[in-house]
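Here's the letter readout for the chains.
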Amino acid sequence: MDPRLQRSPASIAALEKVLRLARHCLAPHRQSRPSMKQCGEVLWGIRKDFREKNNVRAASAAHYSEQIDVRKDNREMFGIEDGESYEFRSA
């Protein structure tokens with residue numbers, strides 16, 4: 001796991017779900033593999049679950065008052081920006 005990620009039950013569960021999806025994508029027969037649309041839906045679901053579980057955890061940890069956005073420090077990273085709308089950001 002990336003050492004910059006904080007290990008928590010929520011992050012470990014998300015990682016396990018992503019790895020299960022990756023294994024499903026490697027099925028030997030094309031018909032057995034999920035479509036890109038299905039992969040996107042699964043990934044958005046994983047993201048939603050992670051955020052919900054992480055928010056519950058963050059709310060219960062009174063000493064954790066600041067969330068650091070690693071993306072601000074790494075301009076070469078690909079990803080989706082959060083905010084009022086979603087946009088794809090590339091290097």
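Residues numbered from 1 in each chain as written. Predicted model: local features only at pLDDT ≥ 70, side-chain atom pairs only at ≥ 80, totals over all residues. Heavy atoms only, no water.

Participant: Describe the environment of Pro34, naming the residues involved and giving the relevant values.
Facilitator: With respect to the element layout, Pro34 can be found in the loop between α1 (9–25) and α2 (36–60). Judged by its relative accessible area of 19%, Pro34 is buried. Residues Pro34 and His24 lie 10 residues apart in sequence; the distance between their C-alpha atoms is 7.2 Å. Excluding residues that lie within four positions of it along the chain, Pro34 makes contacts with Leu21, His24, Cys25 and Cys39. (Helix = DSSP H or I, 4+ residues; strand = E, 2+ residues; numbered from the N terminus. Buried < 20%, exposed > 50% of the residue type's maximum accessible area, 1.4 Å probe, protein only. Contact = heavy atoms within 4.5 Å.)

Participant: Got a sec to walk through the side chain of Ser11? Specific residues and values, please.
Facilitator: Inspection of the secondary structure puts Ser11 in helix α1. Ignoring any residue separated from it by four or fewer positions in sequence, one finds Ser11 in contact with Met1, Gln6 and Phe50.

Participant: Help me get a handle on the pattern of salt bridges, residues and values and all.
Facilitator: Evaluated as defined, the whole model comprises two salt bridges. Residue Asp49 pairs with Lys17 through a salt bridge whose shortest N-O separation is 3.1 Å. Residue Asp49 is located in helix α2, and its partner Lys17 is located in helix α1; the two are separated by 32 residues in the primary sequence. Linking Lys48 and Glu52 is a salt bridge whose minimum nitrogen-to-oxygen distance equals 3.9 Å. Of the two residues, Lys48 and Glu52 are both situated in helix α2; the distance of four residues between them amounts to about one turn of the helix. Among the residues examined, Glu52 registers a relative accessible area of 42% and is labelled partly exposed. (Salt bridge = Lys/Arg side-chain N within 4 Å of Asp/Glu carboxyl O.)

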